[in-house]
Amino acid sequence: MKVLLKAISYIFHPLFIPVAGTVAYFLITPKYTPLSVQGAFFFPIFVLTVIIPIITYFILRNLGLASSVFMSDLKERKYPMYVHIILLLFVIYKIIPHSNIVELYFYFVGLVIAALTALTLLFFKTKISMHLMGMGSLVMFLTSLSIHFEVNITLAISIATLLTGVVATSRLYLNAHTPIELVLGFFIGLLSQLLTIRFWL
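Cut-offs used in this document
- Note on numbering: residues in each chain are counted from 1, in written sequence order.
- Totals for whole chains, interfaces and linings use every residue, but because this is a predicted model, local features are given only for residues with pLDDT of at least 70 and side-chain atom pairs only at 80 or more, for both listing and counting.
- To obtain the side-chain values, all non-hydrogen atoms of the structure were used and water was disregarded.
- In this analysis an axis means a line fitted to C-alpha atoms, helices contributing only their contacting stretch, and an angle means the value between N-to-C directions, from 0 to 180 degrees.
- In this description a helix means any DSSP run of H or I spanning at least four residues, a strand means any run of E spanning at least two, and both kinds are numbered starting from the N terminus.
- Angles below 35 degrees are treated as roughly parallel, those above 145 as roughly antiparallel, those between 65 and 115 as roughly perpendicular, and all remaining angles as oblique.
- Contacts are residue-level and defined by heavy atoms, with any inter-residue pair within 4.5 Å sufficient.
- The buried label goes to any residue with under 20% of its type's maximum accessible area, the exposed label to any with over 50%, and the partly exposed label to all in between, with areas taken from a 1.4 Å probe on protein chains only.
- Patch membership requires over 30% relative accessible area and the absence of a salt bridge. Like charges are linked within 9 Å, and nonpolar side chains (Val, Leu, Ile, Met, Phe, Trp, Tyr) within 5 Å.
- Surface exposure here means Shrake-Rupley accessible area, sampled with a 1.4 Å probe, where a residue is shielded only by the protein chains that are shown.
- One speaks of a salt bridge when a side-chain nitrogen belonging to Lys or Arg is within 4 Å of a carboxyl oxygen belonging to Asp or Glu.
- In protein, a polar contact requires one atom able to donate a hydrogen and another able to accept it; more generally it is a pair of N or O atoms within 3.5 Å, and residues adjacent in sequence count only if both atoms are side-chain atoms.
- Stacked, edge-to-face and tilted are the three classes for Phe, Tyr and Trp ring pairs, Trp counted by its six-membered ring, which pair at centre distances within 6.5 Å; planes under 30 degrees apart are stacked, over 60 edge-to-face, the rest tilted.

Engineer: Tell me about the packing of helix α6 (residues 130–149) against helix α7 (residues 154–173), and please be specific about residues and values.
Structural biologist: Remark: α6 packs on α7, axes separated minimally by 10 Å, with the N-to-C direction vectors making an angle of 170°. Taken together, the axes of α6 and α7 are roughly antiparallel relative to one another. The segment α6 lies against α7, with His-131, Leu-132, Met-135, Val-139, Leu-142, Thr-143 and Ser-146 engaging Ala-156, Ile-157, Ala-160, Thr-161, Leu-163, Thr-164, Val-167, Ala-168 and Arg-171.

Engineer: Tell me about unusual backbone geometry, and please be specific about residues and values.
Structural biologist: Within the chain, Lys-125 stands out as a residue other than glycine whose phi angle is a positive 60°. Within the fold, Lys-125 resides in the loop between α5 (102–123) and α6. Take Lys-125: its relative accessible area is 66%, and that puts it in the exposed class. Positioned with a positive phi, Asn-175 is a non-glycine residue whose angle comes to about 55°. Its location among the elements puts Asn-175 in the loop between α7 and α8 (179–196). Given a relative accessible area of 69%, Asn-175 falls into the exposed group.

Engineer: Before we move on, can you summarise a nonpolar patch on the surface with the specific residues and values?
Structural biologist: On the surface, a nonpolar cluster with roughly 980 Å² of combined accessible area is contributed by Val-47, Ile-51, Ile-55, Ile-59, Leu-63, Leu-65, Tyr-79, Tyr-82, Phe-123 and Phe-124. Only α3 (35–62) and α4 (74–95) provide two or more residues apiece to the nonpolar patch. Among the elements that take part in the nonpolar patch, α3 stands out by supplying 4 residues, more than any other. Relative to the assigned elements, Ile-59 resides in helix α3. Owing to a relative accessible area of 46%, Ile-59 belongs among the partly exposed residues under this scheme.

Engineer: So what's going on with the side chain of Thr-196? Which residues, and what values?
Structural biologist: Tracing the backbone shows Thr-196 in helix α8. In terms of polar contacts, Thr-196 uses its side chain to reach the backbone carbonyl oxygen of Phe-106, at 3.4 Å. Setting aside anything within four residues of it in sequence, one finds Thr-196 in contact with Phe-106, Val-109, Gly-110 and Ile-113.

Engineer: Quick one: what's the story with the environment of Thr-143, residue by residue and with numbers?
Structural biologist: Along the chain, Thr-143 turns up in helix α6. Judged by relative accessible area, Thr-143 falls into the partly exposed class, the value being 25%. In this structure, the C-alpha to C-alpha distance between Thr-143 and Leu-190, residues 47 residues apart in sequence, is 10 Å.

Engineer: Explain the packing of aromatic side chains to me, and be specific about the residues and the numbers.
Structural biologist: In this structure the tally under the stated criterion is 12 aromatic pairs. Their ring planes at 85° and their centres at 5.1 Å tell us that Tyr-105 and Phe-106 sit as a pair that is edge-to-face. A relative accessible area of 11% means that Phe-106 is categorised as buried. Summarising the aromatic geometry, the rings of Tyr-107 and Phe-108 are spaced 5.6 Å apart at their centres and angled 80° between planes, so their arrangement reads as edge-to-face. Three or more aromatic residues link up through ring pairs in this structure, and these residues are Tyr-25, Phe-26, Phe-41 and Phe-149.

Put into structure tokens, the structure is as follows:
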């Protein structure tokens, strides 16, 4: 059971949330977008939000500034958070033009708001679950896309909600977070997206 729940923590690592939202957008939107254009968005986002953070982690580990990919220590979380925020901002300003894909643009704006909130809380010695923050962002984004495009993706939203519970269970079982940290993470992710949908919904 422990191996399974640890695998879940890896599979649903917050690193993959930007990519998951990007894929979800292109699957759900009724707007026609050629595969070549989708790839032009997907691959840079994948490199910036997954590959570079992984490389950064190994550099930090070699420098003795990180001991685990889950960054359980408060001090360990700050450097990856700085890098994460910078890379998200790069995606917003260089990869996703505001005028072309407004929904995806504000999804990343919401991710930045959530990340900045999590970073700010670190300075107050408060840790939240980044896993649940990511899942909260994704669930809210899927719900917003469903309303915006008037498409029935109830099954996808239900699966994402169920997976949120599975991820929360794994983090609790592994003693990675307290229930309060999980709840805070989820609502910060959810509310960060809720703050941005007024600009595109």
